[in-house]
Amino acid sequence: MGKPTGHLLRQLRSLMKNKHHLPEVIQGYIIPSEDAHQNEYLASCDLRREFISGFSGSAGTAIVTETKAALWTDGRYHLHAEKQLDLNWTLMRDGLSETPTQEDWLIQELPRGSKIGVDPWVITHGKWHKISQSLLAAGLSLVYAEKNLVDLVWADHNRPDPPSEGLMVLDISFTGKTWQQKVKEARGTMKKKKADALVVTALDEIAWLFNLRGADVTFNPVFFAYAMITQDEVSLFIDDAKLDKAVSKHLGLDSVNGNNQIKVTVHPYEGISDAIKEAASSGARIWISLSSSAALVRLVHRTQLISDPSPLARSKAVKNAVEIEGMREAHIRDAVALCEYFSWLEQEVPKDDLTEVTGAAKLEGFRREQENFVSLSFETISAVGSNGAIIHYRPAEETDRMISNEELYLCDSGAQFKDGTTDVTRTWHFGVPSKRERECFTRVLKGHIALARAVFPNKTTGHRLDTLARMALWDAGLDYLHGTGHGIGSFLNVHEGPQGIGFRSRENEAPLEAGMMVTDEPGYYEDGAFGIRIENVLLVKPVELQNNFKNRGYLGFEPITLFPIQTKLLMPSMLTTEEIDWINWYHGLCAEKVGSALREQGRTSALNWLIKETVALG
């Protein structure tokens, strides 16, 4: 049972009827997960859905009516939510055929004429429009609740203060391009679209554009700001207390700008709305993505609006040569830490005093020893047995279990280095795995290999490749309820768009291009028993083939993650010759690249462990 929420819901429902805070009484209230920048991971002061519902997963939407409270979340979090929601809440298992959409549920629960409120800052304009149209067709209406009602409730319950961390200047040796070059490229794209102004609201795009990093959101090196680019000016909307001398020098704030230099003008963070209004009133054509907040997009008349996805999203996703090499080096150092950890686990697990929590802390310690380490890239998933079946499990004192030689251990972890971001999952058994565990593990690996070996036409979307990772599981009537892969940043967010690999087709899904990076992470989970996932980061790269149909070009993948896959968990009889060859080739890479780094760092026991775990399959 999760935290009690009855008193919070009573306060919220009272506010839904209070015309002092709302222009009219509302019968329903939507609480999305996102903040004003539509971040997946949030600062503690923006965890509104978690505060009101008790559910801490990174994805989900809560809806409260006068008599009911429901929470939608995807397959990664079904078990997680079951454990955290109290009896005031109904869990809506998104992704299952019997689960109604949020709009259908509201239409079913509320009479015609009902009004449903939402804070326009924490919902994208695209989602606002979709929900609004569905409700309108059924005689209900979606209305702007200009004051966030959860914030009003939270004010009486010690809401955390907003973050005020400083910024880090990222040298060109890590970025490969100056921020001025990036602005020039953005302006070139704007000209092609006939856009007078580009409004940037995504925090990772702003950090990438200016070659700055922050610490306002845990695990994500971003900072709260907005940006606006025109052909004459670059405006940064930010708390100027964050701008120390190094940042001011980096942005040229203290220098006299010549005619050929790009000028940055700093404005208060809250000034973005007025800046958009001013640009709109001058007749400017304004490029602002529909994935930006409804609060900002609504300020631009549709005749002046360019609503395509932000061009910076693609520019950031397609890594340059310096970023690619940095990612390779970061993943080798990350693998060094992982070799140290799993070598250590092999020695410590038989002592029966090692837990999920202490294991996660030890792994973080090994990573901290590596050059250019900044932080973890997300909270480590260190999960034993049945905890591994909770897809986004987080080890905690109340759920902590012993890592033993009798159950599967799933470890999903990553780090932020100045030259790259890592995200890797391995499933391990320190004793004798069961036949069922070996069969399921082998099917997951077959899917992983099928995707890793894929060759496909340029501009193919990840959605079209997702089936490759599931076929071996489908052959046995098995599957998993999460996407197969996500983009990943270069010392930026561990989950990065606009590309991905998943079973759902997404609006405005970006096709895969050379230079992008995605994860390959199929899995299988048996509730109450175990979880299996194998995850590598892959680089999308051109491949040369015998033919080149219609001159379209073909792409494939290069593994950037280099860490052994436990062969003890395999059933070799289920593998094809090509799959065995791939495993041996991959383990050869791990032994060569990571082995060299282990030798350089004098980590002999970890090196010996690596050599043992990369012995070729016969």
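Cut-offs used in this document
- Residues numbered from 1 in each chain as written.
- Predicted model: local features only at pLDDT ≥ 70, side-chain atom pairs only at ≥ 80, totals over all residues.
- Heavy atoms only, no water.
- Buried < 20%, exposed > 50% of the residue type's maximum accessible area, 1.4 Å probe, protein only.
- Helix = DSSP H or I, 4+ residues; strand = E, 2+ residues; numbered from the N terminus.
- Pairing = 2+ DSSP bridges.
- UniProt positions renumbered as here; feature names shortened; annotations may be inferred.
- Phe/Tyr/Trp six-rings, centres within 6.5 Å; stacked < 30°, edge-to-face > 60°.
- Contact = heavy atoms within 4.5 Å.
- Domains from an automatic or database assignment.
- Buried area = accessible area lost by both parts, 1.4 Å probe.
- Salt bridge = Lys/Arg side-chain N within 4 Å of Asp/Glu carboxyl O.
- Polar contact = N/O pair within 3.5 Å; in protein donor to acceptor, adjacent residues only side chain to side chain.
- Nonpolar A, V, L, I, M, F, W, Y, C, P; charged D, E, K, R; others polar.
- Axes fitted to C-alpha atoms, helices over the stretch in contact; angles between N-to-C directions.

Student: Residues and numbers for the pairing of strand S11 (residues 234–237), please.
Tutor: Of the two faces of S11, the one carrying Val 234 and Leu 236 and the one carrying Ser 235 and Phe 237 are both buried. Summarising the sheet, strand S10 (residues 226–230) and S11 pair through four bridges and their orientation is antiparallel. Across the sheet, Ile 229 pairs through a bridge with Val 234, a residue of S11. Between the antiparallel neighbours S10 and S11 lie three residues. With four bridges joining them, S11 and strand S12 (residues 264–267) adopt parallel strand pairing. Each residue of the ladder has a partner; that of Ser 235, found in S12, is Thr 265.

Student: Break down the UniProt feature "domain: Peptidase M24" (unreviewed entry) in the chain for me, citing the residues and quoting the values.
Tutor: UniProt's entry tags residues 325–541 with the feature "domain: Peptidase M24" (unreviewed entry), counted in the numbering of this structure. Between the end C-alpha atoms of residues 325–541 there is a gap of 13 Å, over a span that is 29% helix and 24% strand.

Student: I'd like a description of the packing of aromatic side chains, backed by residues and values.
Tutor: In this structure the tally under the stated criterion is 20 aromatic pairs. Note on Trp 128 and Tyr 144: the rings are 4.1 Å apart at their centroids and 10 degrees apart in plane angle, and the pair reads as stacked. Linking Trp 128 in helix H5 (residues 125–137) with Tyr 144 in strand S6 (residues 141–144), this pair joins segments that are 16 residues apart in sequence. Of the residues examined, Trp 128 reaches a relative accessible area of 10% and is grouped as buried. Residues Tyr 409 and Phe 430 carry aromatic rings whose centres are separated by 6.4 Å and whose planes lie at 40 degrees to one another, so their mutual orientation is tilted. You can see Tyr 409 sitting in strand S17 (residues 409–413) and its partner Phe 430 sitting in the loop between strand S20 (424–428) and helix H16 (435–452), a full 21 residues away along the chain. Take Tyr 409 and Phe 430: they sit in the same class, and that class is buried.

Student: If you had to explain the environment of Val 150 to someone new, which residues and values would you point to?
Tutor: If you trace the backbone, Val 150 turns up in helix H6 (residues 149–154). Distance from Val 150 to Leu 468, taken between C-alpha atoms, is 43 Å for residues 318 residues apart in sequence. Leaving out residues up to four positions away in the same chain, Val 150 has contacts with Leu 12, Tyr 29, Ile 31, Arg 48 and Phe 51.

Student: Please set out the domain arrangement of the chain residue by residue, giving values where relevant.
Tutor: Once the domains are mapped, the chain shows domain 1 (5–155), domain 2 (168–316) and domain 3 (321–613). Counting from both sides, the interface comprises 18 residues of domain 1 and, opposite them, 20 residues of domain 2. The junction of domain 1 with domain 2 conceals about 1,500 Å² of combined surface from both sides, 58% of it contributed by carbon and sulfur atoms. If you sort the residues of domain 1 by the area they bury against domain 2, His 37, Trp 121 and His 125 come out on top, with a joint share of 45%. Of the charged contacts, one joins Arg 298 and Glu 146 as a salt bridge, the two residues approaching to 3.0 Å between their closest N and O atoms. On inspection of domain 1 and its partner domain 2, the count reaches ten residue pairs in polar contact (both at pLDDT 80 or more). In terms of residue class, the side of domain 1 that touches domain 2 is built from nine nonpolar, six polar and three charged.

Student: I'd like a description of the UniProt feature "domain: Peptidase M24 C-terminal" (unreviewed entry) in the chain, backed by residues and values.
Tutor: The sites that UniProt annotates as "domain: Peptidase M24 C-terminal" (unreviewed entry) are residues 553–615. Helix makes up 54% of residues 553–615 and strand 10%, with an end-to-end C-alpha separation of 36 Å.

Student: Requested: an account of the pairing of strand S28 (residues 554–559), with residues and values cited.
Tutor: Of all the six residues making up S28, six are buried; the element is thus mostly covered by neighbouring parts of the structure. What you see with S28 is no split at all: Tyr 554, Gly 556 and Glu 558 on one side and Leu 555, Phe 557 and Pro 559 on the other are buried throughout. Bridge analysis of strand S21 (residues 456–457) against S28 gives two bridges, and the strand direction is antiparallel. Bridge pairing in S28 links Phe 456 to Leu 555. With six bridges joining them, strand S27 (residues 536–543) and S28 adopt antiparallel strand pairing.

Student: Mind laying out the sheet that holds strand S5 (residues 115–118), listing which residues take part and the relevant values?
Tutor: Taken in spatial order, the six strands make up an open sheet running S4-S3-S2-S1-S5-S6, and their pairing is mixed. This sheet does not close on itself; its edge strands, each paired only once, are strand S4 (90–93) and S6. Between one strand and the next, the sheet's axes are offset by a mean angle of 25 degrees, whatever the strand orientation. When strand S2 (residues 61–65) meets strand S3 (residues 69–73), the two strands line up antiparallel, connected through four bridges. Residue pairing in the sheet places Val 64 in a bridge with Ala 69 of S3. Contacting strand S1 (28–31), S2, S3, S4 and S5, helix H4 (residues 102–109) crosses the sheet at an angle of about 10 degrees to S2. Contacts between H5 and the sheet are confined to S2, S5 and S6, with S6 contributing the most and set at about 140 degrees to the helix.

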